[in-house]
Structure formats: structure tokens, C-alpha cells
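Summary of the model geometry
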Amino acid sequence: MLNVAIPGAIVLLLTREAYDLAASGELAQRRALNVRWMLTWIGYFTAAAAAFLALSYHRQLQVALTGRTDVRNTEMNSVSIPTAVYEVADLDCDPRRPN
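Residues numbered from 1 in each chain as written. Predicted model: local features only at pLDDT ≥ 70, side-chain atom pairs only at ≥ 80, totals over all residues. Heavy atoms only, no water.

1. Considering the packing of aromatic side chains
Applying the stated criterion across every chain, the model contains two aromatic pairs. Geometrically, the ring pair formed by tryptophan 37 and tryptophan 41 is tilted, given 6.4 Å between the ring centres and 55° between the ring planes. Placement of both tryptophan 37 and tryptophan 41 in helix 2 (residues 28-66) is noted, with a separation of four residues, approximately one turn of the helix. Looking at tryptophan 37, the relative accessible area reads 31%, which means it is partly exposed. Centre to centre, the rings of tryptophan 41 and tyrosine 44 are 4.8 Å apart; their planes meet at 75°, and the pair counts as edge-to-face. Here tryptophan 41 and its partner tyrosine 44 are both found in helix 2, three residues apart, which amounts to about one turn of the helix. The exposure class of tryptophan 41 is partly exposed, given its relative accessible area of 45%. (Phe/Tyr/Trp six-rings, centres within 6.5 Å; stacked < 30°, edge-to-face > 60°. Helix = DSSP H or I, 4+ residues; strand = E, 2+ residues; numbered from the N terminus. Buried < 20%, exposed > 50% of the residue type's maximum accessible area, 1.4 Å probe, protein only.)

Pasting the structure below:
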């Protein structure tokens, strides 16, 4: 992941610098803003990658502890879906029966 992220961040910073140079002609004045922007988005990327790894490790740990492979759907499997109950005044009426 770092083999892609680090060169990508460098290329993105250089692209922003080149755009600032072409658009406004000022390179040194915008460098601090571009570096701050890059550090902010590197922080967001790191937080997302850490959350992904934490969730995947948690799922692997649950599989190892329970021995089951359907860890994601265990909550849904334990919930029973109630069947529809019809309450009508006419005892001979059954809406499920065709007319």
C-alpha cells in the first residue's frame, strides 16, 4: 500500500505545484498551502486505511474464535421474521386464498 501511496502523494504535490505555477505564476508562496493540503489528505487516507485494517482483523479474529465463516451475517441469521397475521371480522375470509 505504501509503494503506491507515497509516489502518488509526491506526484499529486508536484501536479499541484505545476498548476499553481501555470495558473498564477507564484510557486514559493503557495508551497506551504499545498503541503498543508497534502498532509491533511494523507491523514484522511491513513485513518481510512487503519479503519479498514481494524475491521478486517476484527472479522478474522471472530472467525478464528467461533470457527464460522459467516461472521458478517450472524446478527441477521438470529432474527426471525414474523409471519403476517390477518385479523378480520369474517372468520371465513382468508386473503391468502384465491377468490
